[in-house]
Amino acid sequence: MNDLSAERVQTLLTTQRLGRPYLHFAQIGSTNDEARRRAEAGAAEGLLLAADEQTAGRGRLDRRWWAPPGSSLLMSLLRRPDLPLTRAGQLTMCLGLSAVEGIHEVTGLAPRLKWPNDLTLDGLKLGGMLSEVKSTGDRLEYAVLGLGLNVNLSFSPDAENPPPAEIIGAATSLSAALGRPVDRGVLLAAIIGHCETRYAELRANPTGGALSAAWAEQLETLGQEVVITLPTETLRGRAVGVTPEGALIIEDPTGQRRAVWSGDVTSARRVL
């Protein structure tokens, strides 16, 4: 089955708080936008939204997210954590790890994470995350964590819904890797189940160090020679580590190290 209806997903969820309530939309502009609207109206932590189609879905830097109707897992989760703003990145870590764990549980596949917010499989893009936060002073008021995951779609130019030419050869899906469709409802429930476990660990740990260590183990970026494109400069160096808050540590050819908080990351070998 490929059904994300509220009636079905509520029977699949094993969580106590996350996904309670759960809202399903056949079509929506953006689940992140709707989750933010509901957060501003006072919605409680744990609200989960998923859609079969987004007409204004986006990734980082407002890039459009290609996902034909019914093909992908498009979801947003509302959190109201008692955390300082400096730890906001750990919420994205939590979702990324949960996505990796949920995918492995349901499919047996072993995706990886690409800093700062992508999921990959065999070096191809499988999904992406978009986290948006609101703070009061130095404390988080709420966070909306969005996930777009390629589930049942083909990236062949001959597919019924062919992808944009620029992503052919750069992206993949779970069904393409497995040779069969994947149940989006079962996958959603698995990811949210792992997310509740990881979230409890995050809240119980005063620094989030255990979470960031587990996240770092899944980062394919570490150890690579990379090029990072920033708004005002381009950095080249080796990704040698991450901070507990999620910054990537780059070592340049002179041995100098720098923590980078955001940017487009490309393997240096791909751009030479």
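Everything discussed here concerns the structure shown above.
The rules we used
- Residues numbered from 1 in each chain as written.
- Predicted model: local features only at pLDDT ≥ 70, side-chain atom pairs only at ≥ 80, totals over all residues.
- Heavy atoms only, no water.
- Helix = DSSP H or I, 4+ residues; strand = E, 2+ residues; numbered from the N terminus.
- Rg over C-alpha atoms; globule rule 2.2 N^0.38 Å.
- Buried < 20%, exposed > 50% of the residue type's maximum accessible area, 1.4 Å probe, protein only.
- Contact = heavy atoms within 4.5 Å.
- Areas by Shrake-Rupley, 256 points an atom, 1.4 Å probe, with all protein chains shown as cover.
- Salt bridge = Lys/Arg side-chain N within 4 Å of Asp/Glu carboxyl O.
- Pairing = 2+ DSSP bridges.
- Axes fitted to C-alpha atoms, helices over the stretch in contact; angles between N-to-C directions.
- Core = buried A, V, L, I, M, F, W, Y, C linked by side-chain atoms within 4.5 Å.
- Phe/Tyr/Trp six-rings, centres within 6.5 Å; stacked < 30°, edge-to-face > 60°.
- Lys NZ or Arg CZ within 6 Å of the ring centre and 35° of its normal.
- Parallel < 35°, antiparallel > 145°, perpendicular 65-115°, else oblique.
- Left-handed = near helix turned anticlockwise from the far one by under 90°.

Visitor: Sorry, what's going on with the overall build of the protein here?
Guide: Summing up its helical and strand segments, the protein has seven helices and twelve strands in all. In terms of overall size, the protein behaves like a compact globule, its C-alpha atoms giving a radius of gyration of 18 Å where 272 residues would be expected to give roughly 19 Å. If one aligns the C-alpha atoms of the protein with their principal axes, the spans along those axes are about 60 × 50 × 30 Å. Expressed as a percentage of the 272 residues in the protein, the buried residues total 51%. Put simply, 65% of the contacts in the protein that link residues at least 6 apart link residues at least 24 apart. In the structure as shown, the protein presents an accessible area of about 12,300 Å², 50% of it carried by carbon and sulfur atoms.

Visitor: Honestly, the pattern of salt bridges in this entry has me stumped. Any pointers?
Guide: It is possible for side chains of opposite charge to pair when their charged atoms get near one another. Applying the stated rule across the entire model yields 17 salt bridges. The salt bridge partner of aspartate 52 is arginine 184, with a shortest N-O separation of 2.8 Å. With aspartate 52 in the loop between β2 (48-51) and β3 (72-79) and arginine 184 in helix α5 (residues 184-204), the pair connects residues that are 132 residues apart, well separated along the chain. Residue aspartate 52 shares its accessibility class with arginine 184, and that shared class is buried. Put simply, arginine 238 and glutamate 225 hold a salt bridge, and the shortest N to O gap is 3.3 Å.

Visitor: Which parts of the structure should I look at to understand the sheet that holds strand β10 (residues 248-251)?
Guide: Across a sheet, strands are paired by hydrogen bonds formed along the backbone, either parallel or antiparallel in direction. Across the sheet, which stays open at both edges, the five strands sit in the order β11-β10-β9-β8-β12 with antiparallel pairing between neighbours. Both edges of this open sheet fall to β11 (257-260) and β12 (264-267), since each of them pairs with a single strand only. Each neighbouring strand pair of the sheet contributes to a mean axis angle of 45°, computed without reference to strand direction.

Visitor: Just to check I follow, could you spell out the sheet that holds β3 for this structure?
Guide: Pairing is mixed in the open sheet, where seven strands are placed in the order β1-β2-β3-β7-β6-β5-β4. If you trace the sheet from one side to the other, it starts and ends with β1 (22-25) and β4 (112-114), each paired once. Neighbour-to-neighbour, the strand axes of this sheet turn through a mean angle of 20°, independent of strand direction. Of the strand pairs in this sheet, strand β5 (residues 118-121) and strand β6 (residues 124-136) are connected by four bridges, and their pairing is antiparallel. The residue bridging aspartate 118 from the neighbouring strand is glycine 128, located in β6.

Visitor: Before we go on, may I ask you to explain the nonpolar core in this structure?
Guide: Of all hydrophobic cores here, the largest spans 58 residues; its most connected members are Leu73, Met75, Leu119, Leu149, Leu174, Leu188 and Ile228. With sequence-adjacent residues up to four places away left out, methionine 75 is seen in contact with Thr31, Leu48, Leu49, Ala50, Leu95, Leu145, Gly146, Leu147, Leu188 and Ile192. Listed in part, the eleven residues of the second largest apolar core include Ala43, Leu47, Leu78 and Val144.

Visitor: So what exactly am I meant to see when it comes to the packing of aromatic side chains here?
Guide: If you walk through the whole model with that rule in mind, you get zero aromatic pairs. The residue whose ring lies beneath arginine 79 is tyrosine 199, and the NZ or CZ to ring-centre distance is 3.9 Å.

Visitor: What is the right way to look at unusual backbone geometry in this model?
Guide: Residues other than glycine predominantly adopt negative phi, and peptide bonds predominantly adopt the trans conformation. Of note, the amide linkage connecting arginine 20 to proline 21 takes the cis form, showing an omega dihedral of 10°. Within the element layout of this structure, proline 21 appears in the loop between α1 (6-12) and β1. With an omega of 5°, the peptide bond running from tryptophan 115 to proline 116 counts as cis. Tracing the backbone shows proline 116 in the loop between β4 and β5.

Visitor: How should the packing of helix α3 (residues 89-107) against α5 be read in this particular structure?
Guide: A pair of packed helices is characterised by two quantities: the angle between their axes and the separation of those axes. At a minimum axis separation of 7 Å, α3 and α5 run at an interaxial angle of 135°. In terms of their interaxial angle, α3 and α5 are classed as oblique. Crossing angle aside, the handedness with which α3 passes α5 is right-handed. Along the contact surface, α3 presents Gln90, Leu91, Cys94, Leu95, Leu97, Ser98, Ala99, Glu101, Gly102, Ile103, Glu105 and Val106, while α5 presents Val186, Leu187, Ala190, Ile191, His194, Cys195, Arg198, Tyr199 and Leu202.

Visitor: Is there a simple way to explain the pairing of strand β9 (residues 234-242) in this structure?
Guide: The side chains of a regular strand alternate between both faces of the sheet. Where strand β8 (residues 225-229) and β9 come together, five bridges link them in antiparallel fashion. The residue bridging valine 226 from the neighbouring strand is glycine 237, located in β9. Between the end of β8 and the start of β9, which pair antiparallel, lie four residues. Pairing analysis gives four bridges linking β9 to β10, with the strands arranged antiparallel. Across the sheet, residue glycine 241 finds its bridge partner in β10, namely isoleucine 249. Counting the residues that bridge the hairpin from β9 to β10 gives five residues, and of these glycine 246 lies at a positive phi of roughly 110°.

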